[in-house]
Amino acid sequence: MLFKILTKDGFEQLVDGILESNEVIGPKRVATGANGKPIHQYLPVTSFGELDLDYETTEFPAKTYFLPYRETLSTFHFDEADWTQEIRYRIQPRAIVGLHACDINGLLKLDKVFGRDAFPSPYYLSRRRNTLVVGIDHMPCEGGFCQSVDAHVVSHGFDLFLTDLGDRYFVSIGSDRGFDLVGKVENREVSEDDTHAYLAVRRRISDAFKTHVRTQNLPTLLDLEFDSPVWKRWGDKCLSCGSCAMACPTCYCYGVNEEVSMDFTVGTKVKQLHSCNLVDFAMVAGDHNFRPSRESRLKYRYYHQHRGFAEAYDEPKCVGCNRCGRVCLAGINPPEVIADLHEEDRA
Amino acid sequence: MSTELHRYDITQESDFLQPRDFNRKTLLQHVDQVFRAQITNIIDLTSEEKLFHVRLVKDHQRERFTFLPGQFVMLEVPGYGEIPISISSAPTNKGYLELCIRKVGRVTSVLHKARRGALVGIRGPFGTSFPMEKMRDHSVLLIAGGLGLAPLRAPIFHVTENRTNYDQVHIIYGTRTPDQLLFDYQYEQWRRINGVNLSIIVEQPDEAWTGEVGLITKLIDDLDFDPANTYAIVCGPPVMFKFVCNQLSTKGVPMHRMFVSLERRMHCGMGKCCRCNIGSTYTCVDGPVFDYWSVMNLKEAI
Ligand SMILES: Cc1cc2nc3c(=O)[nH]c(=O)nc-3n(C[C@H](O)[C@H](O)[C@H](O)COP(=O)(O)OP(=O)(O)OC[C@H]3O[C@@H](n4cnc5c(N)ncnc54)[C@H](O)[C@@H]3O)c2cc1C
Ligand code: SF4
Ligand code: SF4
Ligand code: FES
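Residues numbered from 1 in each chain as written. Chains lettered and ligands numbered in written order. Predicted model: local features only at pLDDT ≥ 70, side-chain atom pairs only at ≥ 80, totals over all residues. Heavy atoms only, no water.

Visitor: Help me get a handle on the packing of helix α2 (residues 101-115) of chain A against helix α3 (residues 122-129) of chain A, residues and values and all.
Guide: Residues and elements named next belong to chain A. One can describe the packing of α2 onto α3 by two numbers: an axis separation of 9 Å at closest approach and a directional angle of 140°. It follows from the interaxial angle that α2 and α3 lie oblique. α2 and α3 meet at a crossing whose hand is left-handed. Contacts from L107, L108, L110, D111, F114 and G115 of α2 reach α3 at Y124, L125 and R128. (Axes fitted to C-alpha atoms, helices over the stretch in contact; angles between N-to-C directions. Helix = DSSP H or I, 4+ residues; strand = E, 2+ residues; numbered from the N terminus. Parallel < 35°, antiparallel > 145°, perpendicular 65-115°, else oblique. Left-handed = near helix turned anticlockwise from the far one by under 90°. Contact = heavy atoms within 4.5 Å.)

Visitor: Kindly report on the domain arrangement of chain A, identifying the contributing residues and their values.
Guide: Residues and elements named next belong to chain A. For chain A, the domain assignment lists domain 1 (2-59 + 89-207) and domain 2 (218-253 + 276-346). Domain 1 and domain 2 are separated by 29 Å when their C-alpha centres are compared. Of the residues lining the interface, 22 residues belong to domain 1; the matching set on domain 2 comes to 20 residues. Summed over both sides, the interface between domain 1 and domain 2 buries roughly 1700 Å², with carbon and sulfur atoms accounting for 59% of that surface. Linking domain 1 with domain 2 are three salt bridges. For the salt bridge of R323 with D103, the shortest nitrogen-to-oxygen distance reads 2.7 Å. Linking domain 1 with domain 2 are nine residue pairs in polar contact (both at pLDDT 80 or more). Tallied by class, the residues present in the side of domain 1 that touches domain 2 amount to 10 nonpolar, six polar and six charged. (Domains from an automatic or database assignment. Buried area = accessible area lost by both parts, 1.4 Å probe. Salt bridge = Lys/Arg side-chain N within 4 Å of Asp/Glu carboxyl O. Polar contact = N/O pair within 3.5 Å; in protein donor to acceptor, adjacent residues only side chain to side chain. Nonpolar A, V, L, I, M, F, W, Y, C, P; charged D, E, K, R; others polar.)

Visitor: Any details on a negative patch on the surface? Residues and values, ideally.
Guide: Residues and elements named next belong to chain A. Negative charge collects at one region of the surface, where D9, E12, D16, E20 and E186 lie side by side. Topologically, E20 is positioned in helix α1 (residues 8-21). Exposure remark for E20: the relative accessible area of 57% places this residue in the exposed category. (Patch = residues over 30% accessible without salt bridge, like charges linked within 9 Å, V, L, I, M, F, W, Y side chains within 5 Å. Areas by Shrake-Rupley, 256 points an atom, 1.4 Å probe, with all protein chains shown as cover. Lys, Arg positive; Asp, Glu negative; His and termini not counted. Charge placed at Lys NZ, Arg CZ, Asp CG, Glu CD. Buried < 20%, exposed > 50% of the residue type's maximum accessible area, 1.4 Å probe, protein only.)

Visitor: Give a description of the sheet that holds strand β9 (residues 196-202) of chain B that names residues and reports values.
Guide: Residue and element names in this part refer to chain B. On the basis of which strands lie adjacent, the open sheet formed by seven strands has the order β10-β9-β8-β7-β11-β12-β15 and mixed pairing. The strands lining the two open edges of the sheet, one partner per strand, are β10 (212-213) and β15 (289-291). Its contacts with the sheet place helix α3 (residues 149-161) against β7 (139-145), β8 (169-175), β9 and β11 (230-235), and it is angled at close to 155° to β7. Along the sheet face, helix α6 (residues 238-251) touches β7, β11 and β12 (258-261) and points at about 165° away from the line of β11. (Pairing = 2+ DSSP bridges.)

Visitor: Explain the interface of chain A and chain B to me, and be specific about the residues and the numbers.
Guide: Accessible area lost upon the coming together of the parts serves often as the stated size of an interface. In this assembly, 63 residues from chain A lie in contact with 58 residues from chain B. Carbon and sulfur atoms supply 57% of the area that chain A and chain B bury against each other, a total of about 5100 Å² over both sides. Contact with chain B buries surface across chain A, with A:W83, A:F119 and A:E258 losing the most and accounting together for 16% of the total. Summed over the shared surface of chain A and chain B, the number is five salt bridges. A salt bridge links A:K269 to B:E76, with the nearest nitrogen and oxygen atoms 2.8 Å apart. At the junction of chain A with chain B, the criterion picks out 28 residue pairs in polar contact (both at pLDDT 80 or more). Residues that form the side of chain A that touches chain B fall into these classes: 35 nonpolar, 13 polar and 15 charged.

Structure (structure tokens):
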């Protein structure tokens, strides 16, 4: 990896340059929460000033720019008994500025599912490759446990990654496209002092985590505790609203539906993000439901995060942002649920 | 300073220029583009099931299309939806696919109203298949309950077309009532094949029924075969294959030599939507065909 130093003005110029002819998405302050803290969301900005790079976290992840909540997969044009199918991928470039390490790790996990393996998705890949990703380091957010799942650092999956050294940014360069951008504004080589300062910041961040989740042996524990009463305890609280999956940077399950226009000339096949907590997730014809209880669905979500994905890719799907815990009206959150499982283990 | 970000057009990737082929899973291709296909024939089987002959319209696509017994396709009815359906024909039949469809909901009802000549879409083939090569030189039990005969037909065709490759062949089929029996016009044909044993049983006979009465397990009880030299394919509802496989297991057939086909809700067929997951397993790519030992090890499978 190559590293450079940018002044803060230099970085502003860099973003302004992109803004002139492209869409830029970034953390924007949108409201104040009940606890007095500002609420941020990743939204399009029109000037550098609208970005609040000092944000703690966002309510929803940037997932929507890669896996939109609703996306047209294809369009059927009807002509009497005949039809043609039209498929389009989004190819307009854009930049997302200010993603934290956990969210970039989230993208890397989505890359594994949608970019590799069986049947790479052109819908996803086209969006991903047309998106410039600029990340930034930050102190742990409240309740975040990304360190426990190794998602508090990231070494690829971005174009540029900034670490704030007070009056300047330490920039990790992750792609040629990022390298070219840095070259367009005033920059300098990294000095020994810069490296020390950078490592000090990284250490300070690492030492600041307060929320920890025990993840050693979690896949096996989950298998052992498949019938644990813990699932019923938490499952009984679950409202089956699906908010946790919407707030999760790595939840990608979806459903496909087709709609026909009023004049019967066009049919659209639409993909819509779903959630395994929703009651119809595993429902099939004849009203049979493979996961009829709230408990079985909640459990399934945890299994996918910490066991199923781990089995396929040797790492959990969860990046520890705790957005699902924050958004849940029933107070269901991974640190407590997983701690409970470990308790059960000892009981 | 203005920076125009590069526009990347994924369809210009060299992968995209290759012909679409769902057997090549790692190919970057239009994964949602269907093969245009025409319903060339509709055969009434029972009051609930019809058999559709579906022919890919483009010659080169039809010629390229290959599948293995046990695989399924996603059948698209534009404007209504897309559903997973097992391929119910012989892999050697290059002219058309046979799809046996029970009317249960939205898409299947539209299909049941479709006329000959209607254009549908096909994506696939998807999923795992029955390991017909491994079964070579062994006896095979081909067992189906109810609609399970639909996915079982492809292996039946394979075995009967390659009869010398297999030792004893038993086809065992059961339904609740006689009027639910599928493909009754084919029984005579199968029976006449030298060395193929067909037995049929119904749970609730009507006045006209003269055959066996009872559960399918009864036929297996009476069956004379060498468990150490036998493979089994069992297609049907979970309760049925569970009973049958446990019975075969008691008789000494190893669990890794019994194969079943699982059904789950499916919205992509490509290991993406997660709707078909059983624990961490994607029924669409890791299945639908599993050996029984794997099924026993899948949490929430049966
Ligand atoms: C691998 C596989 C092979 C199959 N083979 C056959 C076959 O050969 N013949 C046959 O008649 N049926 C088969 N099925 C079942 C068939 O897919 C469903 O009956 C069909 O999806 C019902 O769709 P519908 O729109 O008519 O029903 P609705 O109840 O209106 O369904 C709405 C949606 O639910 C989903 N859905 C409902 N039931 C099922 C189900 N059992 N499996 C998957 N998705 C479902 C579909 O996405 C469907 O679009 C198979 C299923 C699987 C998974
Ligand atoms: S865990 Fe919470 S957010 Fe998720 S579905 Fe249940 S109630 Fe909704
Ligand atoms: S499961 Fe919860 S904590 Fe883990 S990545 Fe998803 S939203 Fe964040
Ligand atoms: S059908 Fe979508 S993942 Fe299996």
